[in-house]
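The primary structure of each chain is shown beneath.
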Amino acid sequence: MKQSKLFSKTSKTRESDATSINHDLLVRAGFVDQLMAGVYSYLPLGLRVLYKISDIVRQEMNKVGSQEILLPALHPKENWETTKRWESMDVLFKTRSQTKSEYALGPTHEEVIVPLAKKFIQSYRDLPASWYQIQVKFRDELRAKAGLLRGREFLMKDLYSFHANHQDLKDYYEKMKIAYLKVFSRCGLDAIITEASGGSFTKEYSHEFQVETESGEDNIFYCKCGFAQNKEISKVKKDDKCPDCGKNIEELKTIEVGNIFDLGTKFSNDFKLLFTDEKGKEDLVVIGCYGIGISRLMGAIVEVHNDDKGIIWPKEVAPFKYHLLSFVDNGEKIYNKLIEKGISVLWDDRDVSAGEKMADADLIGIPNRLVISKKTGHKIELKKRDEKDVKLIDIEDIC
Ligand code: ATP
Ligand code: MG
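Some details on the overall build of the protein chain
Scanning the protein chain from N- to C-terminus turns up 10 helices and 23 strands. Its C-alpha radius of gyration of 24 Å places the protein chain within 12% of the 21 Å reference for a compact globule of 399 residues. The burial tally for the protein chain puts 53% of its 399 residues in the buried class. In the protein chain, the proportion of contacts linking residues at least 24 apart, taken out of those at least 6 apart, comes to 67%. Here the protein chain displays about 19400 Å² of accessible surface, and carbon together with sulfur accounts for 51% of that area. Between the mean site of the 62 positive side-chain charges and the mean site of the 63 negative ones, the protein chain shows a separation of 2 Å.

With respect to the sheet that holds strand β21 (residues 368-372)
One open sheet accounts for five strands, arranged β20-β19-β21-β22-β23; its pairing is mixed. Two strands bound the open sheet, and with one partner strand each, they are β20 (345-348) and β23 (390-393). Here the strands of the sheet are splayed against their neighbours by 25° on average, with no regard to which way each runs. Taken together, the four bridges between β21 and strand β22 (residues 380-384) define a ladder with antiparallel strand orientation.

Here's the deal with the packing of helix α1 (residues 21-28) against helix α8 (residues 294-304)
Contact geometry for α1 and α8: axes closest at 8 Å, N-to-C directions at 95°. Accordingly, the angle class assigned to the pair α1 and α8 is roughly perpendicular. Only M298, G299, V302 and E303 of α8 make contact with α1, whose side of the interface consists of I21, N22, L25 and L26. By residue class, the composition of the contact of α1 with α8 is five nonpolar, two polar and one charged.

Some remarks on the packing of aromatic side chains
Applying the stated criterion to the full structure yields eight aromatic pairs. On the basis of an interplanar angle of 55° and a centroid distance of 5.3 Å, the ring pair of W131 and F162 is categorised as tilted. Here the residue W131 occupies a position in strand β7 (residues 129-138), and F162 occupies one in strand β8 (residues 153-163), the gap between them amounting to 31 residues. For the pair formed by W131 and F162, the shared burial category is buried. With centroids separated by 5.0 Å and ring planes inclined at 50°, the aromatic side chains of Y180 and F209 adopt a geometry described as tilted.

Here's the deal with the pairing of strand β13 (residues 250-264)
Among the 15 residues that make up β13, 11 are buried, leaving the element largely enclosed by the rest of the structure. With seven bridges joining them, strand β10 (residues 206-212) and β13 adopt antiparallel strand pairing. Bridging from a neighbouring strand, E208 pairs with N259 of β13. Here five bridges tie strand β11 (residues 218-222) to β13, and the two strands are oriented antiparallel to one another.

Section: the nonpolar core
Counting residues in each nonpolar core, the largest one holds 55 residues, and the members touching the most others are F31, I53, F184, M298 and W313. Excluding residues within four positions of it along the chain, F31 makes contact with L26, S41, Y42, L43, L45, G46, V49, M298, I311, W313, P319 and I364. Counting 20 residues, the second-largest nonpolar core is a separate cluster that includes F162, L263, F275 and C289.

Remarks on the side chain of H323
Take H323: it is sitting in strand β19 (residues 322-326). A distance of 2.8 Å separates a polar atom in the side chain of H323 from a polar atom in the side chain of Q3. With residues up to four places along the chain from it excluded, the contact list for H323 reads Q3, L346, D348, A361, I364, I366, N368, R369 and L370.

Basis of the calculations
Residues numbered from 1 in each chain as written. Chains lettered and ligands numbered in written order. Predicted model: local features only at pLDDT ≥ 70, side-chain atom pairs only at ≥ 80, totals over all residues. Heavy atoms only, no water. Helix = DSSP H or I, 4+ residues; strand = E, 2+ residues; numbered from the N terminus. Rg over C-alpha atoms; globule rule 2.2 N^0.38 Å. Buried < 20%, exposed > 50% of the residue type's maximum accessible area, 1.4 Å probe, protein only. Contact = heavy atoms within 4.5 Å. Areas by Shrake-Rupley, 256 points an atom, 1.4 Å probe, with all protein chains shown as cover. Lys, Arg positive; Asp, Glu negative; His and termini not counted. Charge placed at Lys NZ, Arg CZ, Asp CG, Glu CD. Pairing = 2+ DSSP bridges. Axes fitted to C-alpha atoms, helices over the stretch in contact; angles between N-to-C directions. Parallel < 35°, antiparallel > 145°, perpendicular 65-115°, else oblique. Nonpolar A, V, L, I, M, F, W, Y, C, P; charged D, E, K, R; others polar. Phe/Tyr/Trp six-rings, centres within 6.5 Å; stacked < 30°, edge-to-face > 60°. Core = buried A, V, L, I, M, F, W, Y, C linked by side-chain atoms within 4.5 Å. Polar contact = N/O pair within 3.5 Å; in protein donor to acceptor, adjacent residues only side chain to side chain.

Given below as structure tokens:
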């Protein structure tokens, strides 16, 4: 892609209303635009990142045998009354049609997927089943001011698994923990599996995937041996002895990027999602629910991977692999050669100063910068965004 054709422009001045690093950098570098608090438009660069993250999530969810679907965002009030969450869920956006019917804008999808599952799950032969979607969610958040971390409209992957018994759910739940860790490490993040309560969803347990960063709104108690509990539920305190290994417990500030829940039979009971077992006896289906905040993940990556010059995208989620900066006439020739080789490259073909191109490349944060100038002759200078050193390479070496 030619940078001169990108309609989004970079900006040097710090966003006056930015309350977080991710908002400031993503807006200034032209990835997103804020419409109102907690609601963002994704511009060409930002959408590429969102798709990269979504594809990683898709690959890992498909590997655990889940099937992708897409559910509606507009839900009938009755389904939310059935689960008693029409009144009890404070973040539920409610809306009314011209015929005075009431609807919810989906903050999560148990109220849609469980009635759907009822149409396809009748017998033990239909179990286990696992379905997921990547979709916009709506939540009436009181404090939507941390950029992409807390949206009122945001992108989530939510997956629901259906099982004949608790043991089967537990086995799948453990597989999902591993799949989640893979997703986050491919996104360049070390996630800590943290014990938490079920929140508004369930009395059963849940596990959060927390990423350490100063800007995080969550606090967890953590020990390097792997013990981690969310502060909200934890019986331990900072500097207590770890119940697992006896070392000192640390307190960390974190962002919750994912959450998996054992929902038990709460929702199957509400909607009477039953199946017939091998002996012909009817029983309630056991359900698990697994969320990843895709757009929050994009914000979290920026919170973790940045410096005073801008964003430093981890390679698997970067909008492009290379950023080509040309200060001589043969820029187009090199760019075309790279494109012919199928290489993902953003070419800064703008008629602006070298200093401005360099500064913008650092702000946008593509992992590999290529420079062609009089100084580089027939060679190309390669610099990684997170390293100081440059090296001279041939175009044939670029892949
Ligand atoms: P929080 O405690 O941060 O409000 P939550 O526990 O209510 O989040 P879940 O219902 O567990 O959120 O949603 C699954 C995932 O969706 C979360 O782990 C998070 O990554 C993401 N998420 C939740 N709320 C938001 C939001 N308002 N904006 C962006 N992402 C969100
Ligand atoms: Mg949660």
